[in-house]
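# Notes for the structure review
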Amino acid sequence: PPPRCSDPGATTLLRTIVGQQVSVAAARSMWAKLENAFGSPPNLAAVLDASDDDLRLAGLSRQKAGYARSLAGLVLSGDLDLAALPADDEEAVALLTRIKGIG
């Protein structure tokens, strides 16, 4: 199959978290609910501030909600600058896999 390319950034990482360990159809459904609740692309500040119930209604399990909040917090605080990832693939992977839910 042809390679899949995604735009760089937090939205792609969030979509990766949503799609982990579920079917493609389930991931699409969850993503649609998340966008419906938090915008398209999802507003990271709103995701960070959302309650467990709000995120559950948006299709996320408790674990995925925690991962989504972790990503949102790191990006919004500036602790994770996705525009400044190392050019070296191994260094970038090492940095990204420290994020809960990535890797």
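Up top you'll find the structure we're talking about.
The following refers to the structure shown. (Residues numbered from 1 in each chain as written. Predicted model: local features only at pLDDT ≥ 70, side-chain atom pairs only at ≥ 80, totals over all residues. Heavy atoms only, no water.)

### A look at the nonpolar core
For the record, the criterion: Nine residue types can take part in a nonpolar core, namely buried Ala, Val, Leu, Ile, Met, Phe, Trp, Tyr and Cys, and a core is a set of them joined through side-chain atoms within 4.5 Å. When accessible area is computed with a 1.4 Å probe and restricted to protein chains, residues below 20% of their type maximum are described as buried, those above 50% as exposed, and intermediate ones as partly exposed. Note on conventions: DSSP H or I runs of at least 4 residues are helices, E runs of at least 2 residues are strands, and numbering of each starts at the N terminus. Two residues qualify as a contact provided that any one of their heavy atoms is within 4.5 Å of a heavy atom in the partner residue.
Leu14, Leu34, Phe38, Leu55, Leu60 and Leu96 are the most contacted members of the largest nonpolar core, which totals 25 residues. For this core, the secondary-structure elements that each account for two or more residues are helix H1 (10-19), helix H2 (24-38), helix H3 (44-49) and helix H5 (62-77). Those residues in contact with Leu34 that sit more than four places away from it in its chain are Leu14, Val18, Gly39, Pro42, Ala58 and Leu60.

### Observations regarding the environment of Pro42
With respect to the helices and strands, the residue Pro42 is situated in the loop between H2 and H3. A residue is classified by how much of its surface remains accessible, and Pro42, at 7% relative accessible area, is buried. Here the alpha-carbon distance between Pro42 and Arg15, two residues 27 residues apart in the chain, equals 9.8 Å. Once residues lying within four places of it in the same chain are set aside, the contact partners of Pro42 are Thr11, Leu14, Trp31, Leu34, Glu35 and Val47.

### Observations concerning the side chain of Lys64
Stated formally: By the counting rule applied here, Lys and Arg register as positive and Asp and Glu as negative, while His and the ends of each chain are not counted. Each salt bridge in this description consists of a side-chain nitrogen of Lys or Arg and a carboxyl oxygen of Asp or Glu lying within 4 Å of one another. Polar contact is the term for a pair of N or O atoms within 3.5 Å; when the atoms are in protein, one must be able to donate a hydrogen and the other to accept it, and sequence-neighboring residues count only if both atoms are side-chain atoms.
Topologically, Lys64 is positioned in helix H5. Of the side chains bearing the opposite charge, Asp52 lies closest to the buried Lys64, which forms no salt bridge; the N-O distance is 14 Å. A distance of 3.0 Å separates a polar atom in the side chain of Lys64 from the backbone oxygen of Ile17. Not counting the four nearest positions on each side in its chain, Lys64 is found in contact with Ile17, Val18, Gly19, Gln20, Val22 and Met30.

### Some words on the packing of H1 against H2
The angle between the axes and the distance between the axes are what describe a pair of packed helices. Note the following rule: Fitted lines through C-alpha atoms serve as axes, helices being fitted only where they are in contact, and the angles separating the N-to-C directions of these axes extend from 0 to 180 degrees. Note that the term roughly parallel is reserved for angles under 35 degrees, roughly antiparallel for angles over 145, roughly perpendicular for angles of 65 to 115, and oblique for everything else. In this scheme the crossing of two helices becomes right-handed for a clockwise turn of the near helix relative to the far one and left-handed for an anticlockwise turn of less than a right angle. Amino acids outside the nonpolar list (Ala, Val, Leu, Ile, Met, Phe, Trp, Tyr, Cys, Pro) and the charged list (Asp, Glu, Lys, Arg) are all regarded as polar, and Gly is one of them.
The contact between H1 and H2 brings their axes to 9 Å, and the two run at 130 degrees. The angle between the axes of H1 and H2 places the two elements in the oblique class. Crossing angle aside, the handedness with which H1 passes H2 is right-handed. Contacts between H1 and H2 pair Thr11, Leu14, Arg15, Val18 and Gly19 from the former with Ala27, Met30, Trp31 and Leu34 from the latter. In terms of residue class, the contact of H1 with H2 is made up of six nonpolar, two polar and one charged.

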